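Next come the chains, spelled out residue by residue.
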Amino acid sequence: MTDKELMDAFLTGDLDEAGMARLEAELKANPDLVRELSDQQNIEQALKVLLGDDTADQQVTVSVLSVLRADPIDSFKNDLLAHVRKEADLKRREEEAAKAPVAPPPVPEVAEAFRPPVAPAPVRTPRRRVVPWAVAGSIAAAGLIALGIALYPAGVKSSAADAHAFLLSVGPGARLTREGRVLPIRVDMELVSGDRLTLDEPGETRIGFADDPTRLKIKGPAVFHFVQGGAAKRIELLKGDCEIAAPLQVEPFTAVTPHSELRFREGDVRLVSAADFARLEVRRGKASFTSRRDHKTIDVAADFYAVAGKDVELVAKGLDRTLPSPDGPGVVAVLRRVQGEVYVFSQSPADRTPAKPGRAILEGQAILTESRSSVVLDYPDHTRLEIGSDTVVRRLTDQKDRTRKLVTLERGALVADVAKQPAGKAMLLRTPQAEVAVLGTRFTLAAETEATRLQVEEGAVNFTRMEDRKTIQVRSGFYAVAAPGKPLDPAPLPGGVRYLDIDLNAGVTSGDGEWAVEGRTVKQGRVSRLAEGGASTLLCRAESEDKDSLVLEVVVDVDAATPDTAIDRGSWGFGLEAMFRDRTVVLRSAQGPEGTSVFEFPGVSAIPFEHGREGTYRLKLSIERKRGSDTVLRGKIWQGDREPDGWMIESVSDLDGPMTQVGLQTARSACTFSSFKVKVLKDESR
Amino acid sequence: MSEGERKGRMMMDEQSLIQKVQEGNLEAFGSLMDVHVRRLRAVIALNAPVPHLIDEIAHETYVFAYNHIQEFQRGTSFFAWLKSIAWNLLRAEIQRFSREQANQLKYAEKRVFEVAPGRTIEHSAKELDGLEKCLERVPPRLKQLIQMRYHLSFSTEEIADRVDQSAAWVRTTLCRLRRQLKDCVQDKMATEKA
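Being a predicted model, the structure only gives us computed values, none of them experimental.

## Some remarks on the nonpolar core
Next, step 1: Counting 67 residues, the largest nonpolar core has Phe29(B), Tyr62(B), Leu131(B) and Leu181(B) as its most contacted members.
Next, step 2: The element that contributes the greatest number of residues to this core is helix α2 (residues 26-45) of chain B, accounting for 11 residues.
Next, step 3: Three or more residues apiece are contributed to this core by two domains, here domain 1 (3-94) and domain 2 (115-193) of chain B.
Next, step 4: Excluding anything up to four places from it in sequence, Tyr62(B) contacts Val60(A), Val64(A), Phe29(B), Met33(B), His36(B), Val37(B), Leu40(B) and Leu82(B).
Next, step 5: Within the second largest apolar cluster, 40 residues are counted, among which are Val556(A), Ala561(A), Ile637(A) and Leu655(A).

What follows is the structure in structure tokens.
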């Protein structure tokens, strides 16, 4: 990494320990770099604020208003009065029961009234407002303390003493801020009024309360503000998802979000706080839910939910707990590989439910992904949509002809891997600016506010601008942008990138496998039990030009692997192949018993690499060719959507002539291969 | 409505909100916050040595402003008042942070902290104006990168994928862009001063 890359990775929080050490060394060696980093950070922060959405602005506003609204002296006064009354009632009843004459309470001495053990710890954040009548309040409070001591027997526990909460478990990326300072966070840590808990990553953090078994489960990413515990518990959920289970409370439990206020005395609820709405689901008990926009309040009973926010009517609706079966009536597609926050909705995005892998999508249902989230959607004919982050896909089929695929991409981006469609029923993808008609190919479509970009990897598609219905054809290696007032012309992808056509249906298989091509997905369904080998290959024609540099990519779902990986029984694995005139390049992951698992160019170089038996992996093979020098081979393998920087393995070879075939390999495992593509890079030396 | 009229109207609305707040209306303070919160956070962001101070200082600034609203002189600039509160809080926070938190910071954060002070509130406010103007001049292709990073919150890899470049290219280009923006802002300020 260069200095610039290091600084940028530092600013985005992507530097690992090694990277941090390198940056540290650079900063020590070059003092000017410190000023540069400081400047970079300030501009970075300012751009984030200026160009980001208004969530953070709202969070500041809500958090300030909440602190100013919650009056510590009021709450302390009320708590104390409640206890005083309760104790007085109890005492009176006991005395009446004993039929004893009612004796006047002893007059307390002023000095006794301020004994240290009874001095309460009012739930007060240092940030809170000192109200103008604070002095008068303090005097009144002192009087009440005196009265309280008179009525309390020695050793009675103050309610305020139990007003804190504590961390039962801590999720990844959790940060606790107290009075402006970030504290090291740990399990069992006490939370006090004013603490702010920020969860940057997906994961759960659990919170308990000192005075009763109330429990909170917060799912990151989230921002949580602990206002107070005790008899009148109050929290703020500025962002994220929180489940609350509370036993009967003296005062209602209050949870505030930028769009709502929730109050309930007992039950199990789930509260979701998003930038534009808040959603409450009640599983047990009853809750009152107030929209902060118009201050309207409704009661939400068990098995009902309500949504408050911009342009949303505040009404309670029944929770639909029955999910459609993937092969049920009206099902148009099934969700796979759900990562991050992905939702399904019918009418409004505010009315959404979290999506899970395997969930069936019905006609008329839409899909929404949040930032850093993605989902793969499969149609029954194996057409696949890889839906990226911050995306809304409204429709999946044509309302008039349900056998025709019609996708409405409201915003965001998706990659479509389209299986061959029936004649006369080209799949249509629409954005506010454009329409794409396709009979079978692979491309990326991205809809921004004012423009739609189409990038074709394989084959060709018809691209129509809605404004004037002008249609152009965009071929592999080209892109086009539809935007008002801009010319609609295909242009070559930067860097001269294009993709080779791979006809999977015309592939040749070998070895001990059962290969099946379903649309643009290839399955090898047989786990070979052969002691040695058990390898199988599918080879397809994919001709490059002489000296082309290439990148082969594929997504591999390992469906099953042999349980038998003893040294004398061989191993299992999967890989990619590229055939040249006189040599074949293979990049594979070979999983054996402990210590023998490798990621390798077989017979050339290998690094230790071991992963679980099943899961989804992405594999990339780069073949870089330059005239007059050897070919450089590089490979990497990873899980998830975040491709690691750099390569994991590298080798050199003297390849001759053009590539003629590409292939997929399995060994003693059943795998599904998708998104298989070969990118051709421009040879810069020519 | 002309720009001058619009500003005048906003100023009038703001003054009536301040009057309501001074009469004890908390909801009016909410509206007042909405008007300035973005720019206030941006001013703080241009000077905060670590990102999480931005919202903390904005929060403290508003709480302080509400508690001292009676001291605010109507007819003067409310945003200027907020900025000076924020500035004092930030300065105090930097001093406190460098004393108490230095050992908890990563080396790079610590060094950034050390070079943080040395500017003035007026400087930072002008810097923000300059940055907004400089942003308008960024060519559309590069503006797309800025939008993807800061508006759409795409990861480097997602941006790289969309512009069909390597992650290293994205990081380097964004780094250069920020440098150019900083230089542009400084040029603007130097020109104004001259």
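Let's pick the thread back up.
## Regarding the state of the cysteines
Residue and element names in this part refer to chain B.
Next, step 1: Within the structure shown, the criterion is met by 1 disulfide over all chains.
Next, step 2: One disulfide bridge connects Cys-134 with Cys-184, the sulfur atoms lying 2.0 Å from each other. Its S-S torsion of approximately -90 degrees makes the covalent link between Cys-134 and Cys-184 left-handed. Taken together, the positions of Cys-134 in helix α6 (residues 121-136) and Cys-184 in helix α9 (residues 167-193) put the pair 50 residues apart, joining distant regions of the chain.
Next, step 3: Given the relative accessible area of 16%, Cys-184 is considered buried.

## A look at the interface of chain B and chain A
Next, step 1: Counting from both sides, the interface comprises 72 residues of chain B and, opposite them, 74 residues of chain A.
Next, step 2: Between chain B and chain A, roughly 6,600 Å² of surface is buried when both sides are summed, and carbon and sulfur atoms account for 57% of that area.
Next, step 3: Counting the surface chain B buries against chain A, the share from its top three residues, Arg38(B), Tyr150(B) and Arg171(B), is 11%.
Next, step 4: For the pair chain B and chain A, the number of links is 13 salt bridges.
Next, step 5: Taken together, the connections running from chain B to chain A amount to 23 residue pairs in polar contact (both at pLDDT 80 or more).
Next, step 6: For the side of chain B that touches chain A, the secondary-structure elements that each account for two or more residues are α2, α3 (53-67), α4 (78-100), α5 (107-114), α6, α7 (140-151), α8 (156-163) and α9 of chain B.
Next, step 7: Of the residues in the side of chain B that touches chain A, the class split is 35 nonpolar, 12 polar and 25 charged.

Procedures and definitions
Residues numbered from 1 in each chain as written. Chains lettered and ligands numbered in written order. Predicted model: local features only at pLDDT ≥ 70, side-chain atom pairs only at ≥ 80, totals over all residues. Heavy atoms only, no water. Core = buried A, V, L, I, M, F, W, Y, C linked by side-chain atoms within 4.5 Å. Buried < 20%, exposed > 50% of the residue type's maximum accessible area, 1.4 Å probe, protein only. Helix = DSSP H or I, 4+ residues; strand = E, 2+ residues; numbered from the N terminus. Domains from an automatic or database assignment. Contact = heavy atoms within 4.5 Å. Disulfide = S-S within 2.5 Å. Buried area = accessible area lost by both parts, 1.4 Å probe. Salt bridge = Lys/Arg side-chain N within 4 Å of Asp/Glu carboxyl O. Polar contact = N/O pair within 3.5 Å; in protein donor to acceptor, adjacent residues only side chain to side chain. Nonpolar A, V, L, I, M, F, W, Y, C, P; charged D, E, K, R; others polar.

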